[in-house]
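Take a look at the letters that make up each chain.
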There are 2 protein chains.
Amino acid sequence: MKVLGIDPGTAACGYGIIQADGGRLAALEHGWWRSSAREAPELRLKRIHDGVTGLIADHRPDAVALEESYVGADARIALSVGQARGAVLVACASAELSCAEYPPATVKQAVCGYGRADKVQVQRMVATILALDVAICHILAAPLARAVAAGAAR
Amino acid sequence: MKVLGIDPGTAACGYGIIQADGGRLAALEHGWWRSSAREAPELRLKRIHDGVTGLIADHRPDAVALEESYVGADARIALSVGQARGAVLVACASAELSCAEYPPATVKQAVCGYGRADKVQVQRMVATILALDVAICHILAAPLARAVAAGAAR
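Draft legend 1. Region of interest: the overall build of chain A. On a plain count of helices and strands, chain A comes out with 6 helices and 5 strands. Split into buried and exposed, the 154 residues of chain A put 52% on the buried side. Put simply, 63% of the contacts in chain A that link residues at least 6 apart link residues at least 24 apart. Total accessible area on chain A is roughly 7300 Å²; 54% of this is exposed by carbon and sulfur atoms.

Draft legend 2. Main features of the confidence of the model for chain A. Of the residues in chain A, 84% reach a pLDDT of 70 or more, and the chain-wide mean stands at 82. Taken element by element, chain A is modelled with least confidence in helix α5 (residues 132–140) of chain A, mean pLDDT 65, and with most confidence in helix α1 (residues 41–59) of chain A, mean pLDDT 95.

Draft legend 3. Main features of the packing of helix α2 (residues 75–94) of chain A against helix α1 (residues 41–59) of chain B. Here α2 of chain A crosses α1 of chain B at 90 degrees, and the two axes come no closer than 8 Å. When the interaxial angle is binned, α2 of chain A and α1 of chain B end up roughly perpendicular. Within the contact between the two elements, α2 of chain A uses G86, L89, V90, A93 and S94 of chain A and α1 of chain B uses E42, L43, L45, K46 and H49 of chain B. Here the contact of α2 of chain A with α1 of chain B is composed, by residue class, of 5 nonpolar, 3 polar and 2 charged.

Draft legend 4. Layout of the environment of V52 of chain B. All names here are of chain B. Tracing the chain through its elements places V52 in helix α1. Separated by 38 residues in sequence, V52 and V90 place their C-alpha atoms 9.5 Å apart. Look past the residues within four positions of V52 in its chain and what remains in contact with it is L4, I6, W33, V88, A91 and C92.

Draft legend 5. Expanded view of the state of the cysteines. All names here are of chain A. One pass over the full model with this rule turns up 0 disulfides over all chains. Take C99: it sits in no disulfide, and the sulfur closest to it among the cysteines is that of C92, at 3.6 Å. Given the relative accessible area of 3%, C99 is considered buried.

Draft legend 6. Inspection of the pairing of strand β4 (residues 63–67) of chain A at higher detail. All names here are of chain A. Across the 5 residues of β4, 5 count as buried, placing the element largely inside the fold. Residues A63, A65 and E67 of β4 are buried on one face, and the alternating residues V64 and L66, pointing to the opposite face, are buried as well. Inspection of the sheet shows β4 paired to strand β5 (residues 99–102) by 4 bridges, in the parallel sense. Looking at β5, one finds that V64 is bridged to C99.

Draft legend 7. Expanded view of the interface of chain A and chain B. Contacts between the two partners involve 33 residues from chain A and, on the opposite side, 33 residues from chain B. Of the roughly 2500 Å² buried between chain A and chain B on both sides combined, carbon and sulfur atoms contribute 70%. Applying the counting criterion to the chain A and chain B interface returns 6 residue pairs in polar contact (both at pLDDT 80 or more). Contributing elements (two or more residues each) for the side of chain A that touches chain B: α1 and α2 of chain A.

Draft legend 8. Spotlight on the pattern of salt bridges. Throughout the structure, instances matching the rule amount to 6 salt bridges over all chains. A salt bridge links D50 of chain A to K46 of chain A, with the shortest nitrogen-to-oxygen separation between them at 2.7 Å. Taken together, the residues D50 of chain A and K46 of chain A, both in helix α1 and 4 residues apart, mark about one turn of the helix. Among the ionic pairs, E101 of chain B bridges to R85 of chain B, the shortest N-O distance being 3.0 Å. Of this pair, E101 of chain B sits in strand β5 (residues 99–102) while R85 of chain B sits in helix α2 (residues 75–94), and the two are 16 residues apart along the sequence. Overall, E101 of chain B belongs to the buried group, its relative accessible area being 13%.

Draft legend 9. Spotlight on the relation of the copies chain A and chain B. Mapping chain A onto chain B is achieved by rotating through 180 degrees and translating by 0.0 Å along the same axis, at an RMSD of 0.0 Å. Both chain copies can therefore be described as sitting about a two-fold axis. In this assembly the copies share their binding face: 100% of the residues contributing to the interface of chain A also contribute to that of chain B.

Draft legend 10. Region of the structure containing α2 of chain A. Residues and elements named next belong to chain A. The end-to-end C-alpha separation of α2 is 28 Å, in line with the 28 Å expected for 20 residues at 1.5 Å each. For α2, the buried fraction is high: 16 of the 20 residues fall into the buried class. For α2, the capping residue at the N-terminal end is D74, with a side-chain oxygen 2.9 Å from the backbone nitrogen of R76. Of the residues flanking the end of α2, it is E96, one or two places downstream, whose phi is positive at about 60 degrees.

Draft legend 11. Region of the structure containing the environment of Q83 of chain B. You can see Q83 of chain B is positioned in helix α2. Those residues in contact with Q83 of chain B that sit more than four places away from it in its chain are G82, Q83, R85, G86 and L89 of chain A together with L45 of chain B. There is a polar contact of 2.9 Å between the side chain of Q83 of chain B and the side chain of R85 of chain A.

Draft legend 12. Quick look at unusual backbone geometry. Residue and element names in this part refer to chain A. The backbone phi angle of E96 is positive, close to 60 degrees, even though this residue is not glycine. Note that E96 resides in the loop between α2 and β5. By relative accessible area, which is 75% here, E96 ends up exposed.

Definitions and cut-offs
- Residues numbered from 1 in each chain as written.
- Chains lettered and ligands numbered in written order.
- Predicted model: local features only at pLDDT ≥ 70, side-chain atom pairs only at ≥ 80, totals over all residues.
- Heavy atoms only, no water.
- Helix = DSSP H or I, 4+ residues; strand = E, 2+ residues; numbered from the N terminus.
- Buried < 20%, exposed > 50% of the residue type's maximum accessible area, 1.4 Å probe, protein only.
- Contact = heavy atoms within 4.5 Å.
- Areas by Shrake-Rupley, 256 points an atom, 1.4 Å probe, with all protein chains shown as cover.
- pLDDT = per-residue confidence, 0-100.
- Axes fitted to C-alpha atoms, helices over the stretch in contact; angles between N-to-C directions.
- Parallel < 35°, antiparallel > 145°, perpendicular 65-115°, else oblique.
- Nonpolar A, V, L, I, M, F, W, Y, C, P; charged D, E, K, R; others polar.
- Disulfide = S-S within 2.5 Å.
- Pairing = 2+ DSSP bridges.
- Buried area = accessible area lost by both parts, 1.4 Å probe.
- Polar contact = N/O pair within 3.5 Å; in protein donor to acceptor, adjacent residues only side chain to side chain.
- Salt bridge = Lys/Arg side-chain N within 4 Å of Asp/Glu carboxyl O.
- Least-squares fit on C-alpha atoms with pLDDT ≥ 70 in both.
- Expected span 1.5 Å × (residues − 1).

Laid out in structure tokens, this is it:
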């Protein structure tokens, strides 16, 4: 099973691809797309969309997992994060891949065994690799939990 | 000049296309895409993305205008509106069209001559046609105001 994990954001959108063979997990590729606030938003979003499309074409993952975006009190930030998520989700749907969504605590629980792990603990566990934790979470999740997460993204 | 106006939303995303010949405005097409909350979000967003892509291919507009989304206190609604905006903006950027963005008051001022016009007044002015008002606003805007609006979308 191969999973593409994405942490959506407009300024920086991180991704990681995890391959699971039996009980063994391997990171295939990871990175991020960055853009400047001085660029037109549609061009920044296109870069994310085309980046996801390219990753899917190169790696042919079986599933895509997103971390549920934390939406604080600031609706303007939520709108911006939403736009990045829209670019990612369109790319997945165009490739006929469904997206599962996990709350941050579930990701931390799966990766660190502790839902309130701090950033440093998570980083240690995923060896400073961006976004791979969500993909790992999706692979470690029991089939039932995966179905629930895919439902939650609806 | 031909302008595609879009009022982004996930449940209902409205659009209208206005053609300006000299001082004459004509509505070429209008409508909306609707989807149910029971569908996967990536499929709902793909429908919006593919709809915008199809409209652009059919009508070849010179510009796209969006109404600045009102983001109230609810960050979850803002996230959802943002996702729909992301799907629209990716479609525009893929067609190499830039997007101008206008605040609701500017749209009302341009269409009704009164920035605080209510919904019924706006509807009367655009003959109950959805989303055409933003396109009309973009056509009526002076070239300088258009440049400013295109800048505001950055």
